[in-house]
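Commentary on secondary and tertiary structure
One-letter residues, chain by chain:
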Amino acid sequence: MARQDYIFTSESVSEGHPDKVCDLISDSVLDAFVTKEPEARVAVETLTTTNKIVLAGEVRPEGLISAEEMVNIARERVRDIGYEQDGFHWQNADVDVYVHAQSKHISQGVDSDGGNKDEGAGDQGIMFGYACRETDTLMPAPIAFSHQILSDMAQARKSGAVQGLGPDSKSQVSLKYENGKPVAATSVVVSTQHDEGLSQSDVRELVRPFVEAVLPSGWMCPEDEFYVNPTGTFVIGGPDGDAGLTGRKIIVDTYGGAAPHGGGAFSGKDPTKVDRSAAYAARYLAKNVVAADLADKCTIQLSYAIGVSKPISVYVDLHETGKVDATKLEGVLGEVMDLSPRGIRTHLGLNKPIFARTAAYGHFGRQPEDDGGFSWEKTDLVEAIKSAL
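Given the structure is predicted, the values throughout are model-derived calculations rather than measurements.

**Some remarks on the layout of surface pockets**
What the largest pocket holds in volume is close to 740 Å³. Around the largest pocket, the lining comprises 31 residues; the ones closest to its centre are Y6, Y130, E134, G180 and K297. When residues of the lining of the largest pocket are traced back to their parent elements, those giving at least two are β1 (6-13), β7 (125-132), α4 (141-159), β9 (181-194) and β12 (297-304). Ranked by residues supplied to the lining of the largest pocket, first place goes to α4 with three residues. Here the residues of the lining of the largest pocket sort into 16 nonpolar, eight polar and seven charged. Counting contributing residues, the lining of the largest pocket receives three or more from each of domain 1 (6-13 + 140-243) and domain 3 (125-133 + 246-388). As a volume, the second largest pocket reaches approximately 300 Å³. Along the wall of the second largest pocket there are 14 residues; nearest its centre are T137, A144, H147, Q148 and G365. In terms of residue count, the dominant contributor to the lining of the second largest pocket is α4 (five residues).

**Considering the pattern of salt bridges**
Under the definition given, this model contains 23 salt bridges. A salt bridge links K158 to E15; the nearest nitrogen and oxygen atoms lie 2.4 Å apart. With K158 in helix α4 and E15 in the loop between β1 and α1 (18-36), this residue pair connects regions lying 143 residues apart in the sequence. Residues joined in a network through salt bridges with shared partners are R133, D293, D296 and K323.

**A closer look at unusual backbone geometry**
Omega for the bond connecting R60 with P61 falls within 30 degrees of zero, at 5°, which places this linkage in the cis form. Mapped onto the fold, P61 is located in the loop between β3 (52-60) and α2 (67-81). One non-glycine residue, N229, lies in the positive phi region at around 45°. With a phi close to 70°, Y361 is a non-glycine residue in the positive phi region. You can see Y361 is positioned in the loop between α9 (341-348) and α10 (382-388).

Cut-offs applied
- Residues numbered from 1 in each chain as written.
- Predicted model: local features only at pLDDT ≥ 70, side-chain atom pairs only at ≥ 80, totals over all residues.
- Heavy atoms only, no water.
- 1 Å grid on protein atoms, 1.4 Å probe; cavity = no way out; pocket = protein on both sides within 12 Å on 5 of 7 lines; lining within 4 Å.
- Points joined across faces, edges and corners; volume = space filled by probe spheres on them.
- Helix = DSSP H or I, 4+ residues; strand = E, 2+ residues; numbered from the N terminus.
- Nonpolar A, V, L, I, M, F, W, Y, C, P; charged D, E, K, R; others polar.
- Domains from an automatic or database assignment.
- Salt bridge = Lys/Arg side-chain N within 4 Å of Asp/Glu carboxyl O.

See the structure below:
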């Protein structure tokens, strides 16, 4: 029997966090490739430090996006985030590009041969999807609230509605659960970069309205458990304060630790990489299972082998909340959706420039968009799953 009474914590980081700067640059390069060639192969990583940006990775076709174009993309993204600091400035940072052609030994595992061999997975690995009834978006509440606080702060900073906040910030929300459901916040932590001259209490009062607006009425934590910039001062931030790398915030990107993670990062990877596309498919299926009222919680695991099109395994856990047999559901999911890499890309429409927008504030729990963005958040499989069962 799962515990029913406990405290659970999740964190988020803003688009100005050094790792998220890298995720955004990598996904923006991916979007540039996919715009010109929907089936381009891309695996681009980014590193940032004091006034330095380094891009490295493998692409196909090589030269579709020039090194100069990648430099410009990196500068534009840093400008969009809002970095114009002495130690990290979109105009002055050095940008180096080390991107080369994809290995033929990797590409041969993915390519179909035009005959009996379908497109294979770009790598081996395990991917998880999760959904629950804690929020309207069927996401765990701690990570959903953590994302929203920072997203709202960033929007206010960029619009000029709030003065004095910088791009780099983190949030952390701890929720008390009773009978398996969240009922209140026990503590909230927000660390945010700020202008020189603002005191810790100044920043605290700038941040407070954002936290109170996100948490449900009556859920605000006790005052002595509301931590804003606990170290006191946070003026030096972003890559000038701490180096960043693509793919280091995989728990922030997914479910905040409330569900398992296969270990693979998302950003900078085209959808032939099942680290990304199959994780999206697993979330899509789990969300539709919960939306179909077949369970209050659902975890789905998919696994793949490089060069093999079909998943090696499909596993479903309904966490003792299911109204159907999980084993039967495992068989049904493969009927209602083609879980080969090509099938996932086709069903979810992933060969589009829709990835840069996923780089911050979570890949899941977002609203599906008219141009195909966040298509894995749709609940359009509900009736198909019910009928198949």
